[in-house]
Amino acid sequence: MLKKSCLGLVLIGLVACGGEDAAPGADAAMRAPAAPREVHFTASDFAFEGPETIEAGMLTLVLHNSAETWHHLQLVRLPDGMSMQEFEQGMASMQPGTPPPPWFMDAGGVNPPPPGEPARVTMLVEPGEYAVLCLVDTPDKIPHVMKGMIRPLTVTASSEPPAPLPPSDLTLTLVDYAFSFSAPPTSATRVIRVENGATQAHEIAIFRLLPGKTMDDLGAWAATYEGPAPMTPVGGVPAIRPGQVADVYVDLEPGAYVALCFLPDATDGLPHLDHGMALPFQVS
Ligand SMILES: [Cu+2]
């Protein structure tokens with residue numbers, strides 16, 4: 001099995017405001033926007049660029065990666081009253097290979113994009129104080145958050161209801177401990193709706209195996225990170241909590257893929273891929 005510690009992913013009805021005094025534009029102002037709003041972040045070695053404050057709602061988080069190193073964007077919501085400084089102190093005391101503490105509230109984000117292209121995830125983002133993190137630990141097993149990839153993000157309340165989730169092509173349910181596709185992904189699949197139906201946080205990181213490479217090659221590489229990786233990232237959503245939903249945009253050319261969850265388990269701290277969340281799949 002793989003020995004990798006850490007890489008770490010509603011529709012509101014139209015509110016009618018009836019009454020004879022309502023101006024024609026009044027209920028239009030209460031309508032949900034037609035489409036999610038895009039919010040862009042750029043990862044580099046080893047920092048994030050992006051907004052410090054955004055408005056809550058149905059958002060498409062777009063992660064650009066200007067580096068060759070893999071990066072992702074994990075949103076973690078700070079508990080009420082916890083400062084960013086206290087959060088960072090708490091993170092510093094977290095031990096690899098141990099269960100995450102209860103105050104570490106995973107809230108989705110975007111898993112590593114393909115080389116040279118951005119990755120997109122659409123999800124409902126609620127108001128609150130957040131930390132933006134990169135927990136990827138290539139190439140030296142040191143999570144990028146330790147190298148500076150952490151920044152605060154304030155999500156303010158919105159006066160309008162969130163846009164509905166756009167249609168998806170298939171659904172992927174995260175359970176303890178497996179990935180369950182509603183239909184096999186194909187090269188025509190563009191949007192995968194990821195639902196966490198489990199009792200703890202999970203993610204999906206999707207990788208395409210390079211031609212001729214196997215899961216054994218992946219396992220051997222992940223143990224040391226020595227030499228070129230036998231796979232390339234194609235996106236996904238980092239840790240989402242039970243009940244959370246996120247739409248992942250993909251561009252799947254025919255080939256061999258693998259879905260992985262690297263999260264440490266809530267009970268024994270082992271990465272979930274060691275509990276079985278490593279699913280090879282073929283795209284035709
Ligand atoms: Cu990173």
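Residues numbered from 1 in each chain as written. Predicted model: local features only at pLDDT ≥ 70, side-chain atom pairs only at ≥ 80, totals over all residues. Heavy atoms only, no water.

Thoughts on the coordination of the copper ion
Donor atoms from the polypeptide that bind the copper ion are His-71 (ND1), Cys-134 (SG) and His-144 (ND1), placed at 1.9 to 2.0 Å. In terms of primary sequence, the donors binding the copper ion are separated according to H-x62-C-x9-H. In this pair, His-71 sits in the loop between β4 (57–65) and β5 (73–77) while Cys-134 sits in the loop between β8 (128–133) and β9 (150–156), placing the two residues 63 residues apart along the sequence. In terms of burial, His-71 and Cys-134 fall into one category: buried. (Donors = N, O, S within 2.8 Å, 3.2 Å for Na, K, Ca; no water. Helix = DSSP H or I, 4+ residues; strand = E, 2+ residues; numbered from the N terminus. Buried < 20%, exposed > 50% of the residue type's maximum accessible area, 1.4 Å probe, protein only.)

With respect to the sheet that holds strand β6 (residues 105–110)
On the basis of which strands lie adjacent, the open sheet formed by five strands has the order β3-β9-β8-β5-β6 and mixed pairing. Edge positions in the sheet fall to β3 (53–55) and β6, since each has one partner strand and no second. Along the sheet, successive strands turn relative to each other by an average axial angle of 30 degrees, direction set aside. Where β8 meets β9, six bridges bridge the pair, whose relative direction is antiparallel. Along β9, the bridge assignment pairs Tyr-130 with Leu-153. (Pairing = 2+ DSSP bridges. Axes fitted to C-alpha atoms, helices over the stretch in contact; angles between N-to-C directions.)

A few points about the pairing of β6
Buried residues dominate β6, accounting for five of its six residues. In terms of strand pairing, β5 meets β6 through four bridges, oriented antiparallel. Bridged to Leu-73 within β6 is Val-110.

Some points on helix α2 (residues 84–92)
Among all positions in α2, only Met-84, Phe-87, Gly-90 and Met-91 are buried. Buried residues in α2, looked at end-on, bunch into an arc of 120 degrees, giving them a common side. Looking at α2, the residues exposed on the side facing more than 90 degrees away from the buried face are Gln-85, Gln-89 and Ala-92. If you follow the buried residues of α2, they end up packed against β5, β8 and β9. (Arc of directions from axis to C-beta. Contact = heavy atoms within 4.5 Å.)

Brief notes about the layout of surface pockets
Estimates place the volume of the second largest pocket at around 270 Å³. For the second largest pocket, the lining is made up of 15 residues, of which Pro-114, Glu-117, Val-234, Val-250 and Asp-251 are closest to its centre. Contributions of two or more residues to the lining of the second largest pocket are made by β7 (119–125) and β14 (231–240). Ranked by the residues each element gives to the lining of the second largest pocket, the list is headed by β14, at three residues. (1 Å grid on protein atoms, 1.4 Å probe; cavity = no way out; pocket = protein on both sides within 12 Å on 5 of 7 lines; lining within 4 Å. Points joined across faces, edges and corners; volume = space filled by probe spheres on them.)

Some points on the packing of aromatic side chains
Taken as a whole, this structure holds eight aromatic pairs when the rule is applied. Taking the centre distance of 6.2 Å and the plane angle of 65 degrees together, the rings of Trp-103 and Phe-104 count as edge-to-face. Phe-104 gets classed as buried once you look at its relative accessible area, which sits at 10%. With a centroid separation of 5.6 Å and an interplanar angle of 15 degrees, the aromatic rings of Tyr-257 and Phe-281 are classed as stacked. Pair noted here: Tyr-257 is in strand β16 (residues 255–260) and Phe-281 is in strand β17 (residues 278–283), with a separation of 24 residues, a long-range link. You'll find Tyr-257 and Phe-281 in the same group, each marked buried. Clustering of aromatic rings is evident, with ring pairs tying together Trp-70, Phe-207, Trp-221 and Tyr-225. Of note, Lys-141 hangs over the ring of Tyr-225, and the distance from its end group to the ring centre comes to 3.8 Å. (Phe/Tyr/Trp six-rings, centres within 6.5 Å; stacked < 30°, edge-to-face > 60°. Lys NZ or Arg CZ within 6 Å of the ring centre and 35° of its normal.)

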